[in-house]
Amino acid sequence: MSRPSHSTKNKITLWWSRWLARRLPPSQTVTLAHKSIFILPTGFGLLWIGLCLLLFLLGTNYQNNLVIGLSFLLISLFNTCIIYSYKNLAGLTMSSIPPPQAYAGETLVFPIALSSRHVQYEVLLSYPNNQTNVINTIEKEPKTSLVSYKNQHRGRISPARIKVESRYPLGLCRTWSHIDLDNQMIVFAHPIESHSELSSLESDDITNPSDRGSHVPGVDEFKGLRQHIFGESLRQVAWKQLAQGRGMLSKEFQQPQGQPIWLTLDNLTAKDIEERISKLTWSVDRLSERGQIFGLAIGQHKITPSQGEQHRVHCLQTLALIPSRRTD
Amino acid sequence: MTTPNQQEIISRHSLMWLLIINISVLLPLYDKFTPWTMAICAICLVWRYGIFIGKVAKPPRLLVTILALASALTLALVTSQIGLLNGLMNLLILGYALKYIEMKDRRDVRIVVLVGYFLIAMTLIGQQSIYYSLLLTIIVAINTCVLVSLYREDVKINETAKIGFLLILQSLPLALLLFLVFPRLPPLWLMPQLKTDQTGISDEVSFGEIQRLTRSAALAFRVNFEGAPPANNKLYWRALVLEDYDGNKWTQNDSIKLLELKKQSVSQASSKGLSVNYTVIAEKSYQNWLFGLDVATSDTENIMQLPDYRLYSSKILTQKFQYKVKSYPSTLMDIELDHDIKKINLELPQNKNPQTLALAKSYLRQFPKPEDRLSAIMSSFSQQAYFYTLTPPSVGPNQIDDFLLENKAGFCVHYASALVFMARATGIPARMVTGYQGGEWNKNANYLSIYQYMAHAWTEVWLEGKGWVRLDPTAMIAPERVIEGFDAYFQGQDSYLLDSPFSALRLKDYPLLNELRLSLASIDYYWSVWVLGFDSNKQEQVLQKLMGKITREKLAVFMLSSLACIILLIAYSAGLLHFSRNKDKISSAYLRVCKLLDRKGVSRSLDQGPVDFCHTVESQLPSIAKEFSQLTQYYIALKYRTLTPNGRKSTTKLFIRLSRQIKLKLIKL
């Protein structure tokens, strides 16, 4: 008996999500309007209607017009509340902001900018089964709310539709919407500490292994520009940039030390591919932290050795997007 | 999962409102409290205040449970004394108070608010005056503010109050509409009633009885006549007929009481002649008798007509009661008198008042015809030294003897008793009638107010061929009381309104204040008629006035269109609808001129400023060159120059006027 009901429930959720997708397509910026706002009475609202009925009966039985009038006033108040509830979400503009980096297993944080033409109160934001954010007031000035999303997986993560909810002003009606803010992000794999993989490479080289592939400040290679520090040698000042009006900048030079490191998936001892990806993730962070130059080779795909934040992110994203074997 | 959590915590702001609401919901119920209930409510309030200022913690669960059990038990014990409804009310109040101290989260607050609304409704069952209703509407709004405060943290109290009151204000039109059109149903089942002292005249009268009422300035009932009201000396409002006299007090006869209990109505088929039509709004008296003139008939529901031509409500008047009456002053009452009734109305107490009996015998010898005899007795009251006083000397066991032959001073009950006694002693069936006499005319709203102090007693005697005839011996001693009204006669007397030292009726001596009193009274009257007395008949009347003949379709259209209007109105006042209009009327006026010029063949290219364009216009349309260059100057001044507020105003005026002239000219071209 439970199986069919389960499947019908699934069907309904499927139908519901499809209908939502058609009605409210994903978009980075969404302004709520009548098309995207749903209103239903809350449990308290139903109790309220019950009270109104009770008062009407009481007034009728006592033939007391004032009690009947009170029940009408409360029903009318309910009606007014529907309009106010609608107003409390209508015109709310939500836009997704690129989320910060995160690793699998961490709670993700999706920043969402909120603004509205008129003031709105007590708006709740949440992803399904996640903690709810309460925003006390939303005004014209955009306000950023960090909505959390628990996540265990690596790769391209697209959180479900975010739920915007409000019970203002009297808690009689729940006004809500499910919005897809099109805010996917690539979640890096969960890093697992692994010295073996680094040391296995290091064993090839006899010279100071920790400096392999790293750059030391020097004179050979132009590294980049940085803010001029007062008191520094004037020889390093980038005069051309100064003339362009970009301010006092210093040229930095460096020289590579030894051969760059190549990180590969096959080198690792761990059997499970997930574990290997996790270990590589840790290694990428470790090497970047040290400022070493390294490359990444996954099968045919190769990332040429480099260093810096951009390189790190590129490597981590590539690792995160390796298709896992067990899925599909 | 959602944690139970930030969203459910009661903010300090709400706690503040909860303190306010507790006091404002419970205070209007002051007269329903038992002392025990009051004590518990006070403890709860003080405890809450302690929590608010942070001096005490939440009460332990055990304490709350014990308090609840104890109060329920006590209530169960006292309910038989205070009546079921009062008991239930106290139970509800206690529940409210106890829930109030053990509130933890917003859910509890919501429940407290809902019970608060219910308590307000309970207050309305007992109190229905317009001022009370206004006060309770404000309390409803305060109750609503508590809910608002749950969703508005960290704001000032007056901001929450503004929203709460605005919500109520915006909800009033729809409530009014529902009040107008929603069908009224008859009571569905019997409800327990408030146990309260009866007011007004009682069904037994002794020598001290009416005197009590002359001290009260409370309203007894109000009457609205169709057409002109009868003269004051015709206004004998019959409420009770007392036929049994035991030498001490007058009571109703059991046969009539039985009919009242059986709720049997008698139709007065023989009523004929001119009728006086009027509507009576009786104040709550917690009694059944109603008031009518002469032979009174009524087809209002729940009203019985009794064989002694009185009206009687089958239900106790626990609130204001409105009924329509048709009275037939010229119809004779009981041309044929039933033998049993005759016997009842001739009976005298054994061995009492021998002197009066002897006096009666002498009258019987002197005047054999009943009419002559009665008029002789009546005139004896005016010829001998009888006094009308509200503070009569006391009487012994032979009441009538003492009054009639010794004291010779008394008020209506004394004179009526003496007359009935004399009449019965000489073989004429007679009975005592009590009710009210006269009334105060309110010319602002055209109705008559009858106050408790207008309570009166008179007699009815039965004569061959005439039936029951009203005789008022008081009119012989103090004719002004009957002709001009009670106030004219008694104003100076000590016991007049003795119990109502602050009654507004005392303002009668000051014309301006009296006018104010009458105006306030008429507001209260309209309130009783149109709000408290709004029933299905009135509903039909109003709807018919609004839309002619009522059909279901018309009603539906009326409902829907007014609903739509109200919703739009609320949406607009809530700031949801924006009628976007170009606010810059200067630009739009200039652009409209440009558009017209374009139609006439002078188009403005995108890169042309106003001055440049002005040159183009001057060359191509010389007929309006002068005006247009002036317009351009104004336009530039308004747009790009800083002007004083007054200068801006006058220039704008000139600019708009000129643009209109140019447009006219262009159209004519």
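Residues numbered from 1 in each chain as written. Chains lettered and ligands numbered in written order. Predicted model: local features only at pLDDT ≥ 70, side-chain atom pairs only at ≥ 80, totals over all residues. Heavy atoms only, no water.

Draft legend 1. Region of the structure containing the overall build of chain A. Broken down by element type, chain A carries 7 helices and 16 strands. Of all 328 residues assigned to chain A, the portion counted as buried reaches 48%. For chain A, the proportion of contacts with a sequence separation of at least 24, taken over those separated by at least 6, is 66%. Carbon and sulfur atoms make up 55% of the accessible area of chain A, which amounts to about 17,000 Å² in all. (Helix = DSSP H or I, 4+ residues; strand = E, 2+ residues; numbered from the N terminus. Buried < 20%, exposed > 50% of the residue type's maximum accessible area, 1.4 Å probe, protein only. Contact = heavy atoms within 4.5 Å. Areas by Shrake-Rupley, 256 points an atom, 1.4 Å probe, with all protein chains shown as cover.)

Draft legend 2. Main features of the interface of chain A and chain B. Contacts between the two partners involve 46 residues from chain A, matched on the other side by 62 residues from chain B. Of the roughly 5,000 Å² buried between chain A and chain B, counting both surfaces, carbon and sulfur atoms make up 71%. Among the residues chain A hides against chain B, the three largest losses belong to Asn61, Tyr62 and Leu66 of chain A. Together they make up 15% of the total. For the pair chain A and chain B, the number of links is 1 salt bridge. Glutamate 122 of chain A is the partner of arginine 106 of chain B in a salt bridge, and the nearest nitrogen-oxygen pair spans 3.9 Å. For the side of chain A that touches chain B, the elements supplying multiple residues, two or more each, are helix H2 (43-61), helix H3 (65-87), strand E5 (120-126) and strand E6 (133-138) of chain A. Top contributing element to the side of chain A that touches chain B by residue count: H3 of chain A, with 18 residues. Residues belonging to the side of chain A that touches chain B are distributed by class as follows: 28 nonpolar, 14 polar and 4 charged. (Buried area = accessible area lost by both parts, 1.4 Å probe. Salt bridge = Lys/Arg side-chain N within 4 Å of Asp/Glu carboxyl O. Nonpolar A, V, L, I, M, F, W, Y, C, P; charged D, E, K, R; others polar.)

Draft legend 3. The arrangement of the sheet that holds E6 of chain A in detail. Residues and elements named next belong to chain A. Across the sheet, which stays open at both edges, the 5 strands sit in the order E2-E10-E9-E5-E6 with antiparallel pairing between neighbours. In this open sheet, the two strands that pair with only one neighbour each are strand E2 (38-41) and E6. Strand-to-strand, the axes of this sheet are offset by a mean angle of 25°, without reference to chain direction. Note that E2 and strand E10 (residues 173-179) share 4 bridges and pair antiparallel. Among the inter-strand pairings, proline 41 is bridged to a residue of E10, identified as cysteine 173. Along the sheet, H3 contacts E2, E5 and E10; its crossing angle with E10, the most-contacted strand, is approximately 25°. (Pairing = 2+ DSSP bridges. Axes fitted to C-alpha atoms, helices over the stretch in contact; angles between N-to-C directions.)

Draft legend 4. Examining the state of the cysteines more closely. Residues and elements named next belong to chain A. One pass over the structure, following the stated rule, counts 0 disulfides over all chains. Distance from the sulfur of cysteine 81, which forms no disulfide, to the nearest cysteine sulfur (cysteine 173) is 6.1 Å. Owing to a relative accessible area of 1%, cysteine 81 belongs among the buried residues under this scheme. (Disulfide = S-S within 2.5 Å.)

Draft legend 5. Up close: the environment of glutamate 627 of chain B. Residues and elements named next belong to chain B. On the secondary structure map, glutamate 627 appears in helix H23 (residues 625-640). Residue glutamate 627 is classed as partly exposed on the basis of its relative accessible area of 22%. Between the C-alpha atom of glutamate 627 and that of glutamate 283, which follows or precedes it by 344 residues, the distance is 77 Å. Sequence-distant contacts of glutamate 627, defined by excluding residues within four places in its chain, comprise Leu658, Ile662 and Lys665.

Draft legend 6. Seen up close, the side chain of glutamate 440 of chain B. Turning to its location among the elements, glutamate 440 of chain B is positioned in strand E15 (residues 440-442). A distance of 2.4 Å separates a polar atom in the side chain of glutamate 440 of chain B from a polar atom in the side chain of arginine 517 of chain B. (Polar contact = N/O pair within 3.5 Å; in protein donor to acceptor, adjacent residues only side chain to side chain.)

Draft legend 7. Region of interest: the layout of surface pockets. Considering only enclosed or pocket space, the largest pocket measures out at about 1,600 Å³ in volume. Forming the boundary of the largest pocket are 50 residues, of which Gln63 of chain A together with Thr300, Phe321, Gln322 and Asp535 of chain B lie nearest the centre. Broken down by secondary-structure element, the contributors of at least two residues to the lining of the largest pocket are H3 of chain A together with strand E2 (219-225), strand E6 (276-282), strand E11 (321-328), helix H18 (511-532) and helix H19 (536-547) of chain B. In terms of residue count, the dominant contributor to the lining of the largest pocket is H18 of chain B (6 residues). (1 Å grid on protein atoms, 1.4 Å probe; cavity = no way out; pocket = protein on both sides within 12 Å on 5 of 7 lines; lining within 4 Å. Points joined across faces, edges and corners; volume = space filled by probe spheres on them.)

Draft legend 8. Focus on unusual backbone geometry. Here the residue pair tyrosine 168 of chain A and proline 169 of chain A is connected by a cis peptide bond, since its omega of 0° sits within 30 degrees of zero. Positive phi is not limited to glycine here, since asparagine 351 of chain B has a value of about 55°. By secondary structure assignment, the location of asparagine 351 of chain B is in the loop between helix H10 (339-344) and helix H11 (354-366). If you check the backbone angles, asparagine 446 of chain B has positive phi at about 55° while not being a glycine. Mapping asparagine 446 of chain B onto the fold places it in the loop between E15 and strand E16 (447-451).

Draft legend 9. A look at the UniProt feature "transmembrane region" (unreviewed entry) in chain A. Residues and elements named next belong to chain A. Per the UniProt record, "transmembrane region" (unreviewed entry) is found at residues 37-60 and 66-86. Measuring from the first to the last C-alpha atom of residues 37-60 gives 37 Å, for a span that is 75% helix and 17% strand. Helix makes up 100% of residues 66-86 and strand 0%, whereas the separation of the span's terminal C-alpha atoms amounts to 30 Å. (UniProt positions renumbered as here; feature names shortened; annotations may be inferred.)

Draft legend 10. Spatial organisation of the nonpolar core. The biggest cluster of nonpolar side chains holds 95 residues, and the ones touching the most others in it are Trp48, Leu55, Leu58 and Leu74 of chain A together with Leu18 and Tyr117 of chain B. In terms of residues, this core owes the most to one element, helix H6 (residues 130-151) of chain B, which gives 13 residues. Other than its neighbours up to four places away in sequence, leucine 18 of chain B contacts Ile10, Tyr100, Met103, Val109 and Val146 of chain B. Counting 73 residues, the second-largest nonpolar core is a separate cluster that includes Val205, Leu235, Phe403 and Ala416 of chain B. (Core = buried A, V, L, I, M, F, W, Y, C linked by side-chain atoms within 4.5 Å.)

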